[in-house]
Amino acid sequence: DSLSFYYQGKSTVKFPVSTISNYNAFDISLRIKVKDKYKLLKGVTVFADTYRRDSIENRMEYAKIFNYNNPTLRSNYEPGAAAGLDLDELIGIFQFKKNKQHLAFQKRLVEQEEDKYVDYRFNSKLITRITGLRGDTIVLYKNIYRPSYSFVVSSSLAQFYEYILNTSCAFKREYGIP
């Protein structure tokens with residue numbers, strides 16, 4: 001969903017693909033001085049992030065939120081020592097607003113992750129390949145017939161493609177698209 005370039009261990013800013021209006025005019029040049037008249041440059045390596053990699057990075061970045069559990073009463077007993085209560089946990093129990101905010105943020109992050117997964121599976125390239133829709137019509141189709149996360153996860157590949165084919169036929173009939 002974004003492009004960035006690396007040269008000699010340094011990277012450029014990320015360019016979101018959705019903001020690139022004309023792919024043919026998109027140009028990022030590296031000015032490299034070559035001492036010899038004819039010299040081969042080193043090979044170019046293209047890294048394609050997958051949904052799984054993006055999801056793992058997101059989980060690592062927000063690990064504290066994803067691993068958050070409501071505070072509970074716990075003892076900090078160790079063999080040979082005196083038993084006691086964990087005061088941080090005890091105080092945490094009564095921080096209702098903070099606990100509620102943590103859980104709401106955790107829920108929002110999970111919803112964003114689910115939305116990204118649906119976007120990853122229900123993408124324009126696949127829809128164009130199956131239906132032939134292009135341009136603005138594909139955007140309208142995706143907004144109207146976006147499947148739920150539970151359907152995307154539970155359906156087989158054949159069921160998912162059948163859903164796209166059936167809904168695209170209904171979409172074409174409704175909007176008079178040949």
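Residues numbered from 1 in each chain as written. Predicted model: local features only at pLDDT ≥ 70, side-chain atom pairs only at ≥ 80, totals over all residues. Heavy atoms only, no water.

Things to note about the packing of aromatic side chains
So, step 1. This model, assessed by the stated rule, comprises 10 aromatic pairs.
So, step 2. Taken together, a centroid distance of 6.3 Å and an interplanar angle of 35° make the contact between tyrosine 117 and tyrosine 120 tilted. One end of the pair, tyrosine 117, and the other, tyrosine 120, are both in helix H4 (residues 96–121), three residues apart, so they sit about a helical turn from each other.
So, step 3. Among the residues examined, tyrosine 117 registers a relative accessible area of 19% and is labelled buried.
So, step 4. A ring pair is formed by phenylalanine 122 and tyrosine 141, whose centres lie 5.8 Å apart and whose planes are at 35°; its orientation type is tilted. Taken together, the residues phenylalanine 122 in the loop between H4 and helix H5 (124–131) and tyrosine 141 in helix H6 (residues 135–144) connect sequence positions 19 residues apart. (Phe/Tyr/Trp six-rings, centres within 6.5 Å; stacked < 30°, edge-to-face > 60°. Helix = DSSP H or I, 4+ residues; strand = E, 2+ residues; numbered from the N terminus. Buried < 20%, exposed > 50% of the residue type's maximum accessible area, 1.4 Å probe, protein only.)

What about the packing of H6 against helix H8 (residues 157–175)?
So, step 1. As a packed pair, H6 and H8 sit with axes 11 Å apart at the nearest point and diverge in direction by 115°. As for the relative orientation of H6 and H8, their crossing is right-handed in sense. For the pair H6 and H8, contact is made by Thr137, Leu140, Tyr141 and Ile144 and by Tyr163, Ile164, Thr167, Ser168, Phe171 and Tyr175, respectively.
So, step 2. Looking at the contact of H6 with H8 residue by residue, the classes come out as seven nonpolar, three polar and no charged. (Axes fitted to C-alpha atoms, helices over the stretch in contact; angles between N-to-C directions. Left-handed = near helix turned anticlockwise from the far one by under 90°. Contact = heavy atoms within 4.5 Å. Nonpolar A, V, L, I, M, F, W, Y, C, P; charged D, E, K, R; others polar.)

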